[in-house]
Amino acid sequence: MSILDEMYSGELELQAKRKALAVLYDEINRILNSARDLSTLFVSIIKGDEKEVQLCLERMTSSEVYIENLRRKITREVAEIGSIIVSREDVLRTAYIVDDIAGFVTGTAFRLSNIKLPSLTKGKLDEDLGQLVEMVVDAIFKINEMARALSIYPASTIELGQEVQKLEREIDVKYRAVIIKVLNEITLTKDILLLKDAVEGLEGMADKCQEASDSLTILALSM
């Protein structure tokens, strides 16, 4: 292969990678919007604003479908460009991890919206849950920043990855504390199960953020 052919091949790979990463960023941005809706939903539940709760649920459900379509789009994009992108598996892996986060968001929202308000506010559990939700939203925000930085300044993607790792550990500590409070404070079996599932969903989102962070870091190293 001549030098010109190598340069042309390299340019094609760069263009193809940027195209796939643009869709990936769109997917993660949608996840961030859904996470913010989850935060709004929780505040609305505490305020007793049923109309806003329903609107949030509808937006999150719609976003989940849109995100799934974006993930399929990335799969098609990568399939079409085939072997041009050396790191195509990493792009796909990240897209599927992000798709999983969307499922956690809607699942957690559904459970929170079906818990009786007295159970949420007992022992100031609402404050702990609110803090946990915001920590998870922050983790997803950092994932969003990592994806945005990929095509601009890949080195900052790696730095942000370290912040995600630190935040994931903090969320894990908070998750354990909230679970213990749920088991100690709540008496209704239904609400215990719903709260336990909701809190585990938030912790699951944090775990997926860590996975996405690792995958985005690998992509940054290949840029």
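Residues numbered from 1 in each chain as written. Predicted model: local features only at pLDDT ≥ 70, side-chain atom pairs only at ≥ 80, totals over all residues. Heavy atoms only, no water.

A. Representation of the packing of helix α6 (residues 154-185) against helix α7 (residues 189-222) in the model. At a minimum axis separation of 9 Å, α6 and α7 run at an interaxial angle of 165 degrees. If you check the angle between α6 and α7, you find them roughly antiparallel. When the axes of α6 and α7 are compared, the crossing they make is left-handed. In the contact of α6 with α7, the residues fall into 17 nonpolar, 6 polar and 6 charged. (Axes fitted to C-alpha atoms, helices over the stretch in contact; angles between N-to-C directions. Helix = DSSP H or I, 4+ residues; strand = E, 2+ residues; numbered from the N terminus. Parallel < 35°, antiparallel > 145°, perpendicular 65-115°, else oblique. Left-handed = near helix turned anticlockwise from the far one by under 90°. Nonpolar A, V, L, I, M, F, W, Y, C, P; charged D, E, K, R; others polar.)

B. Representation of the side chain of aspartate 90 in the model. When you line up the elements, aspartate 90 lands in helix α3 (residues 88-113). Reaching out from aspartate 90, the side chain makes a polar contact with the side chain of arginine 93 at a distance of 2.5 Å. Ignoring sequence-local partners within four residues, the contact set of aspartate 90 consists of Ser215, Ile218 and Leu219. (Polar contact = N/O pair within 3.5 Å; in protein donor to acceptor, adjacent residues only side chain to side chain. Contact = heavy atoms within 4.5 Å.)

C. Seen up close, the pattern of salt bridges. Within the structure shown, the criterion is met by 14 salt bridges. One salt bridge in this structure joins arginine 59 and aspartate 37, with 2.8 Å as the shortest N-O distance. Here the residue arginine 59 occupies a position in helix α2 (residues 50-81), and aspartate 37 occupies one in helix α1 (residues 3-47), the gap between them amounting to 22 residues. The exposure class assigned to aspartate 37 is buried, which follows from its relative accessible area of 11%. Here glutamate 211 ties to lysine 208 by a salt bridge, and the two come within 3.7 Å at their closest N and O atoms. A residue pair is termed a helical-turn pair when its members lie 3 or 4 positions apart in one helix, as glutamate 211 and lysine 208 do in helix α7 at 3 residues. Residue classification places glutamate 211 among the partly exposed positions, given a relative accessible area of 36%. Of the residues examined, lysine 208 reaches a relative accessible area of 17% and is grouped as buried. Each member of the salt-bridge network shares a partner with another, and the members are Asp37, Glu52 and Arg59. (Salt bridge = Lys/Arg side-chain N within 4 Å of Asp/Glu carboxyl O. Buried < 20%, exposed > 50% of the residue type's maximum accessible area, 1.4 Å probe, protein only.)

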